[in-house]
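# Working through the structure, step by step
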Amino acid sequence: MCEIGKTPANVPCFRFSDSNDNIIAAVADVPPSWAAVSVYALWSTAGGSTNSVVFYVDWMKLTDGVGVPLSGFTPAGFTTGTKNVVNSQAAVTSRSTKVHSCESSSGGRPIVFRVRRDGPDAADTTSVEWYFYGLMVERAE
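Residues numbered from 1 in each chain as written. Predicted model: local features only at pLDDT ≥ 70, side-chain atom pairs only at ≥ 80, totals over all residues. Heavy atoms only, no water.

## Re the overall build of the protein chain
- Each helix and strand counted, the protein chain has zero helices and nine strands in total.
- Ordering the α and β elements of the protein chain from the N terminus gives β-β-β-β-β-β-β-β-β.
- Per-residue burial over the protein chain gives 43% buried out of 141 residues.
- For the protein chain, restricting intrachain contacts to residue pairs at least 6 apart in sequence, the fraction spanning at least 24 positions comes to 80%.
- When the accessible surface of the protein chain is split by element, carbon and sulfur atoms take 53% of a total near 7000 Å². (Helix = DSSP H or I, 4+ residues; strand = E, 2+ residues; numbered from the N terminus. Buried < 20%, exposed > 50% of the residue type's maximum accessible area, 1.4 Å probe, protein only. Contact = heavy atoms within 4.5 Å. Areas by Shrake-Rupley, 256 points an atom, 1.4 Å probe, with all protein chains shown as cover.)

## Examining the packing of aromatic side chains
- Considering all chains together, one arrives at five aromatic pairs under this definition.
- Between Phe14 and Phe132, the ring centres sit 6.4 Å apart and the planes meet at 40 degrees, which makes this aromatic pair tilted. With Phe14 in strand E2 (residues 12-16) and Phe132 in strand E9 (residues 130-139), the pair connects residues that are 118 residues apart, well separated along the chain.
- For Phe14, a relative accessible area of 27% corresponds to the partly exposed category.
- On the accessibility criterion, Phe132 (3% relative accessible area) is buried.
- Site record: aromatic cluster; members linked through ring pairs are Phe14, Phe16, Phe55, Trp130 and Phe132.
- The ring of Tyr56 has Arg116 lying over it, and the distance from NZ or CZ to the ring centre is 4.2 Å. (Phe/Tyr/Trp six-rings, centres within 6.5 Å; stacked < 30°, edge-to-face > 60°. Lys NZ or Arg CZ within 6 Å of the ring centre and 35° of its normal.)

## Some words on the sheet that holds strand E5 (residues 52-61)
- Spatially, the four strands line up as an open sheet ordered E3-E8-E5-E6, and their pairing is antiparallel. Strands with a single pairing partner mark the edges of an open sheet, and in this sheet they are strand E3 (23-29) and strand E6 (84-87). Recorded for the sheet is a direction-independent mean angle of 30 degrees between the axes of neighbouring strands.
- Across seven bridges, the pairing between E3 and strand E8 (residues 110-117) is antiparallel. What sits directly across from Ala28, in E8, is Ile111. (Pairing = 2+ DSSP bridges. Axes fitted to C-alpha atoms, helices over the stretch in contact; angles between N-to-C directions.)

None of the figures reported here should be taken as evidence of function without further support.
Take a look at the structure:
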């Protein structure tokens, strides 16, 4: 289960277990002048093994401030992000993984991002928590 907490080094984060019900949502208000964006996930794990974590960052542009419910594994309206299989790292050794890029921005409309760990995936071999610190949205021209 995902919970808001801290790493053992007292760094605030979202703590994702290896179960299937780990989902959080975030909203980015992209300025209309940005022609392209790149999105990075900032994360680490609770252990220093060489096992892997599987996660997705899905997204949806809001239209007139209206979106669809965030419930369900693949809710309507979301573009399913690329499967990210990343090696676990020592706790609080944060990593940045590029999870999305697009050639045209949302035209000044907010974008909803849905972050989820897919613990039941066979490639997710880490039984320890995955620490998620946030998304970084970067202007890419």
